[in-house]
Amino acid sequence: MLQHTMTKRKTLIIACFGIALGLCIGTVLKNYRALEIVKRCSMRPTNLKSPNEIIGLNDEDTIQNSQRNLVFVGVMTAKNFIEGRARAVYDTWGKEVPGRIAFFSSEGSYSDELPVVGLKNVDDRYPPQKKSFMMLYYMFEHYIDRFEWFIRADDDVYMEPDKLERFLRSIDSSKPQFIGQAGKGNSEEFGLLSLEFDENFCMGGPGVILSSETLRRVAPHIPTCLKNLYSTHEDVEVGRCVQKFAGIPCTWNYEMQYILRHNSSGRNAYTGKLKRKEIHNAITLHPIKQAPLMYRLHSYIQGLKAEELRQESLLLHRDIKRMAKYLDVPDDSTYMLPSVSPGAIPEKDTGKRHFEDHNILGISPELNKFVPASTADLLDWSFIARSLYSAGSANPKQKIDSAMREGLEDVITEVMENINYYSRQRGRVIEFRELLYGYHRLDALHGQDLILDLLLIYKKYRGKKMTVPVRRHLYVQRAFTGIFVKELDEDFYNVTLQQSLSSVGLFGSLLHNSMARLSSHFTMASNLLAPPPDTIVFVLPIAGRLATFQRFLSIYERVCIVAAQHCDLLVVIFGQPDELIDHLQQLNELRSRHIYQQINYIQRSGPFSRGVALDIAARSSYIRQQDIILFIDVDMVFNVETLQRVRMHTQRGRQVYLPIVFSQYDPKRRNGASASEQVPIDDENGYFRQFGFGICAIYKSDILDDDINGFDKDITGWGLEDVKFLEKIVRVGTRQHGFLSNTAEVPLDYNEAAEQWRRLSVFRAPDPTLVHIYHDISCDVQLDPPQYNMCLGTKANSLGSTRLMEELFFNNRQNIDFITEFNRQKHQSR
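Residues numbered from 1 in each chain as written. Predicted model: local features only at pLDDT ≥ 70, side-chain atom pairs only at ≥ 80, totals over all residues. Heavy atoms only, no water.

Draft legend 1. Summary view of the overall build of the protein chain. Looking only at helices and strands, one finds 26 helices and 28 strands in the protein chain. Classification of the 830 residues of the protein chain by burial places 42% in the buried group. Here the analysis covers contacts within the protein chain between residues at least 6 apart in sequence; of these, 71% occur between residues at least 24 apart. Surface accessibility of the protein chain: about 47100 Å² in total, with carbon and sulfur atoms responsible for 54%. (Helix = DSSP H or I, 4+ residues; strand = E, 2+ residues; numbered from the N terminus. Buried < 20%, exposed > 50% of the residue type's maximum accessible area, 1.4 Å probe, protein only. Contact = heavy atoms within 4.5 Å. Areas by Shrake-Rupley, 256 points an atom, 1.4 Å probe, with all protein chains shown as cover.)

Dropping the structure here:
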């Protein structure tokens, strides 16, 4: 009995030992199998390049001898996104990384132009847990001793490499670091991610930064982490793995949400205004879901860098100017003119101011830089309130335009950032509340001067707390930087361009004319002839004004017909038949002189309406769908350059051209002369009519769009039809504003349909070749109030310049006496 008991106990001990030994062997074999999977995933990609060749890393480059071995950025992407998001990343910030970058995708992914790593046995399924861990192991296996930092990033993140480098060089990479925007999951996921109360993870979207020491501790345990996944979020699992095997959580830092910025707007993130504090301060921005948005953001960031460089150049100029004073270097010394050879300065020029002169750019900011030689050189200050009041403008009271408003916002924002730079140390913050008023002037040599009265709120939150409104005057000078001139090879202008012009102008015209003659006898391939430019159809509404009509026809004949500019003329004439005899005679005579030209007219017997005339002409059979319609007035003077601008700025289905014409002042009030075609383009002889939209160039196919549908025919008499027409164009321009060009993440059928939409934009620019000759304006009191007021405003603006009106007023002694008496009575009544 005792022997049987001993045998049974021995058997039980052996069985337990065997089970334990089997479990140990099984665990070893299982881990070995997982490690082999990792090894296979990190094998050389199918493009047969070595890991160093993929990222362009030399074998001799190390952390100690290369500045470009600071950080390795691994970007997770997919096959479908390589030519979209991944290429946008590489073309923008990827090439500027202070280290190397690679794009990790599924097995078989490859690119001749991008550093793409196709991970073995990894697909593009979401969530990309395996891809994320295998990417980290690939970094560890091939680059662990070649870089100080490693970043896990998505293909929809934007990084600022300069800020990233400054940030990383301020941190010790030899210690375990796990940097990112810390999270514990949203409200719906809280408590479901198997995180302990003291655990967190770095959100993957804005980027995760690991020091080489952290990756060295974690990478050998990646097989274990892959076998023990508790959620579907790869960034949560990476954070859990780092916490377990490196012993550190993600950085608990409030500022990380601003440094590594995640925008919760999803696909609409960073599609609007970019001039925001979060963009200016962040190192990474996430998400950028469309490749065009990545290029747009990069262009904006590059503009900010250019501004910083210009500011640094100004500071250097000021340092040189200050040092020259201490060293007693004369202002007119050639040593003060950098990059300018002595021969570049005219011998007879006795002035001291030249290109890149430190005496100009090196002056410290002050409001007395400009010294006028006489009272005529004094610079006028403009007053800024809710409107802009300027003495140098034809309309003294103007709306503050977008450029001025944006400039003021930039100045105030930058000043407030400087004021609050040490707010945390001082325990107070100053907030901008309102711009009460201000003054500004523009010095063409030095820059813009500003005097601003600001309402601020002073908030003290340390010690004795208080909130106090304060007013402060701000004196700012936005200095100009040096002029940058890019000179092209002389041969480009004197040889290539001349040859091009001569060959195209002479031989090209001869060839085209010869081919045209031959084509009347033979059938020729259409591709042998250069396609002619689109025809410009002049649409001219008119009632009466025979002399002015004759002048217009003379200009049209000289510019359009004799110069062979491919133009047609369509005149819409209002009046009774007996009133139109002379007008029709002029047209018929022009026809008889040029029988092959399209010179047509439409008669209307009703009251004159410009809107009706333009609408009838646009719908007529005289104009084809592919023709450019130029709506013009009989008082306009133009030349060949005008037509070139029309063709350049009018784009079918894309853009409408509304030139800003130069309107002549009444010449009789200035010098007693009569109106003529030769009008000097200056402030004393006229002004650019920015509020006029009557002269317009648009394709017929665009004007008959369902949302435009021609002109408003309910308006009779003078004016307002152009404003209504512009409103229609603007509405069409804002249609489908969110359209983006084709990228890998946008379905092709979306873009094919979107290409058919018309998205008309309005292009406006002053055209000094398009001049409105002065004529007396008579405003009919029977007009509707809006039309009548517009007519009176145009009539008043056409009388003369502000300076001329001032002279005429003060030259009359009765006016002076009236103003003096008026001011005296006003003062007594107070």
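Next comes the rest of the write-up.
Draft legend 2. Main features of a nonpolar patch on the surface. The grouping of F809, F810, F818, I819 and F822 at the surface amounts to a nonpolar patch, some 500 Å² of accessible area in total. Take the nonpolar patch: its biggest share by element is three residues, from helix α26 (residues 813-828). The topology assignment puts F818 in helix α26. Residue F818 is classed as exposed on the basis of its relative accessible area of 56%. (Patch = residues over 30% accessible without salt bridge, like charges linked within 9 Å, V, L, I, M, F, W, Y side chains within 5 Å. Salt bridge = Lys/Arg side-chain N within 4 Å of Asp/Glu carboxyl O.)

Draft legend 3. Representation of the pairing of strand β20 (residues 599-604) in the model. As judged from the six bridges shared by strand β19 (residues 567-574) and β20, these two strands associate in the parallel manner. Pairing of V572 across the sheet is with I602, part of β20. For the crossover from β19 across helix α17 (residues 581-593) to β20, the handedness is right-handed. (Pairing = 2+ DSSP bridges. Right-handed = clockwise from strand over helix to strand, strands pointing away.)

Draft legend 4. Examining the sheet that holds strand β16 (residues 447-460) more closely. Ordered by their spatial adjacency, six strands build an open sheet running β14-β13-β12-β15-β16-β17, and the pairing between neighbours is antiparallel. One side of each edge strand has no neighbouring strand; the edge strands of this open sheet are β14 (397-398) and β17 (466-479). Here two bridges tie strand β13 (residues 388-389) to β14, and the two strands are oriented antiparallel to one another. Bridge pairing in β14 places L388 opposite Q398. Those strands touched by helix α13 (residues 402-419) are β12 (382-384), β15 (428-443), β16 and β17, and its axis lies near 135° from that of β15. (Axes fitted to C-alpha atoms, helices over the stretch in contact; angles between N-to-C directions.)

Draft legend 5. View of the nonpolar core. By size, the foremost hydrophobic cluster in this structure holds 43 residues, and its most contacted members are V73 and W93. When residues of this core are traced back to their parent elements, those giving at least two are β1 (71-76), α3 (82-91), β2 (99-105), β4 (149-154), β5 (158-159), α5 (161-169), α9 (256-259) and α11 (291-326). Element by element, the count of residues in this core is highest for α11, at seven residues. In this structure V73 touches W93, V97, R100, I101, A102, I151, A153 and M159, once residues within four positions along its chain are discounted. (Core = buried A, V, L, I, M, F, W, Y, C linked by side-chain atoms within 4.5 Å.)

Draft legend 6. Looking closely at the pairing of β2. Along β2, seven of the seven residues are buried, which leaves the element largely enclosed by surrounding structure. Inspection of the sheet shows β1 paired to β2 by six bridges, in the parallel sense. The residue bridging V73 from the neighbouring strand is I101, located in β2. Judged from the three bridges that link them, β2 and strand β3 (residues 116-118) form a sheet pairing that is parallel. Residue pairing for β3: F104 is matched across the bridge by V117.

Draft legend 7. Looking closely at the state of the cysteines. Scanning the model with the defined rule gives two disulfides in all. Two residues, C202 and C250, share a disulfide whose sulfurs are 2.0 Å apart. The chirality of the disulfide connecting C202 with C250 is right-handed, given an S-S dihedral of about 105°. Taken together, the residues span a long stretch of sequence, with C202 in strand β8 (residues 201-202) and C250 in the loop between α8 (234-245) and α9 at a distance of 48 residues. Of the two residues examined, C202 and C250, each falls in the buried class. Between the sulfur atoms of C225 and its disulfide partner C241 the distance amounts to 1.9 Å. Looking down the S-S bond of the C225 and C241 bridge, the torsion is 75°, so its handedness is right-handed. Of this pair, C225 sits in helix α7 (residues 222-227) while C241 sits in helix α8, and the two are 16 residues apart along the sequence. The burial state of C225 is the same as that of C241; both residues are buried. You can see C567 has no disulfide; the closest cysteine sulfur is in C560, sitting 3.9 Å from it. (Disulfide = S-S within 2.5 Å.)

Draft legend 8. Structural detail: the side chain of D449. Among the secondary structure elements, D449 is positioned in strand β16. Looking at D449, the relative accessible area reads 3%, which means it is buried. A distance of 2.8 Å separates the side chain of D449 from the side chain of R441, its partner in a polar contact. At 2.7 Å, the side chain of D449 forms a polar contact with the side chain of Q477. (Polar contact = N/O pair within 3.5 Å; in protein donor to acceptor, adjacent residues only side chain to side chain.)

Draft legend 9. Molecular detail of the packing of aromatic side chains. Applying the stated criterion across every chain, the model contains 22 aromatic pairs. When the centroid spacing of 6.1 Å and the interplanar angle of 85° are considered together, the rings of Y437 and Y439 count as edge-to-face. Ring pairs connect the aromatic residues F72, F104, Y138, Y143, F147 and F150, which therefore count as one cluster. (Phe/Tyr/Trp six-rings, centres within 6.5 Å; stacked < 30°, edge-to-face > 60°.)

Draft legend 10. Region of the structure containing the environment of Q626. Along the polypeptide, Q626 turns up in the loop between α18 (610-619) and β21 (628-631). Taking relative accessible area as the criterion, Q626 reaches 33% and is therefore assigned partly exposed. Remark: the alpha-carbon pair of Q626 and D702, spanning 76 residues in sequence, is separated by 9.5 Å. Setting aside residues up to four positions removed in sequence, Q626 forms contacts with D534, R652 and Y699.

Draft legend 11. Molecular detail of α26. Given a rise of 1.5 Å per residue, 16 residues ought to cover 22 Å, and the 23 Å separating the end C-alpha atoms of α26 matches this to within 8%. Two or three places before Q814, at the start of α26, stands the capping residue N812, its side-chain oxygen 3.0 Å from that residue's backbone nitrogen. (Expected span 1.5 Å × (residues − 1).)

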